[in-house]
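Report on the structure
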Amino acid sequence: REILVRLANNYGTQGEWSKAVLTSRKLLDLFPNHPDKPQLLEKIISTYADPSKLNNLNLAMQARAELAQKFGPSSRWAKKNETNPRARGKAEKLIGNNIYRTALYRHTRCEVLRKQSVDSKTPEEKVTFRKLALQNCLVAAANYNRFLKRFKHHKEAYKLSYYLADTLYFTSQFKDAAIQFEKVR
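Given the structure is predicted, the values throughout are model-derived calculations rather than measurements. Position numbers for residues start from 1 in each chain and track the written sequence from start to end. Whole-chain, interface and lining totals are the exception, using all residues; otherwise, since this is a predicted model, local features are given only for residues with pLDDT of at least 70 and side-chain atom pairs are given and counted only at 80 or more. As a rule here, side-chain values come from all non-hydrogen atoms in the structure, and water together with hydrogens is ignored.

Think of a 1 Å grid over just the protein atoms. A cavity is a set of points where a 1.4 Å probe fits yet cannot get out, a pocket is an open set with protein on both sides within 12 Å along at least five of seven lines, and lining residues have an atom within 4 Å of a point. Grid points are joined across faces, edges and corners, and a volume is the space filled by probe spheres set on the points. Per the counting criterion, the structure on display carries one cavity of 30 Å³ or more. Residue lining of the largest cavity: Arg1, Leu27, Leu28, Phe31, His34, Lys37 and Leu40, and that is the complete set. Secondary structure is summarised from DSSP: a helix means a run of H or I of at least four residues, a strand means a run of E of at least two, and numbering begins at the N terminus for each. Every element with two or more residues in the lining of the largest cavity is listed here: α2 (17-30) and α3 (37-49). Nonpolar residues are Ala, Val, Leu, Ile, Met, Phe, Trp, Tyr, Cys and Pro. Charged residues are Asp, Glu, Lys and Arg, and all others, Gly as well, are polar. Here the lining of the largest cavity is composed, by residue class, of four nonpolar, one polar and two charged.

Here you go:
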């Protein structure tokens, strides 16, 4: 295992980001229950998301979803690491940070697409941008919900509740939006 970790790190040092990710993915496959597996996937996410590295936000978003799925409290990895509260705590923190980042990214994307819809010259463009905005808002709302359910007492919970209300309102979920707005007024 250590040889592959060093190899992945060496690829990263040399700027061989694709090889670093492939080696890291191999590590994830070979050692599925290792306590440091969530941190390794976080390195992959960072490599995908960093503009100076692979700069692929779609792959970063997919890996963020993978992190939440594979290392959540009811995952096989969590069960295998139930006697390691430190590893589980680190995983939970990484999951929270990634759900948070995904929600904010999708909400920001929604806002940009909403503006493009308003500024569009043709009705077809308006519809296209509005649909894309709606899709991003739905993903943002789902992630805000997921985050707020898991991290009710997080220092950003109040602000995220407002953002959740905004995304619900935009997606015409008016009753749920009203409930959320009521919480933050």
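Now, onward.
Note on aromatic contacts: the rings of Phe and Tyr and the six-membered ring of Trp form a pair at centre separations within 6.5 Å, being stacked when their planes are under 30 degrees apart, edge-to-face when over 60 apart, and tilted otherwise. Using the criterion set out here, one finds seven aromatic pairs in the structure. For the pair Phe71 and Trp77, a centre-to-centre distance of 5.3 Å together with 90° between the ring planes defines the contact as edge-to-face. Take Phe71 and Trp77: they sit in the same class, and that class is buried. For the pair Tyr144 and Tyr163, a centre-to-centre distance of 6.0 Å together with 45° between the ring planes defines the contact as tilted. Highlighted residues: Tyr144 in helix α7 (residues 123-150) and Tyr163 in helix α8 (residues 157-170), separated in sequence by 19 residues. Buried residues are those whose accessible area, probed at 1.4 Å on protein chains only, stays under 20% of the maximum for their type, while exposed residues exceed 50% and partly exposed ones sit between those limits. Given the relative accessible area of 25%, Tyr163 is considered partly exposed. Among the aromatic side chains, those forming a connected cluster through ring pairs are Tyr144, Tyr162, Tyr163 and Phe181.

Tracing the chain through its elements places Lys79 in helix α5 (residues 76-80). Separated by 46 residues in sequence, Lys79 and Asn33 place their C-alpha atoms 9.2 Å apart. Under this definition, polar contacts are N or O atom pairs within 3.5 Å; protein pairs additionally need one hydrogen-donor-capable and one acceptor-capable atom, and for neighbouring residues in sequence, both atoms have to be side-chain atoms. At 2.9 Å, the side chain of Lys79 and the backbone oxygen of Ser74 are in polar contact.

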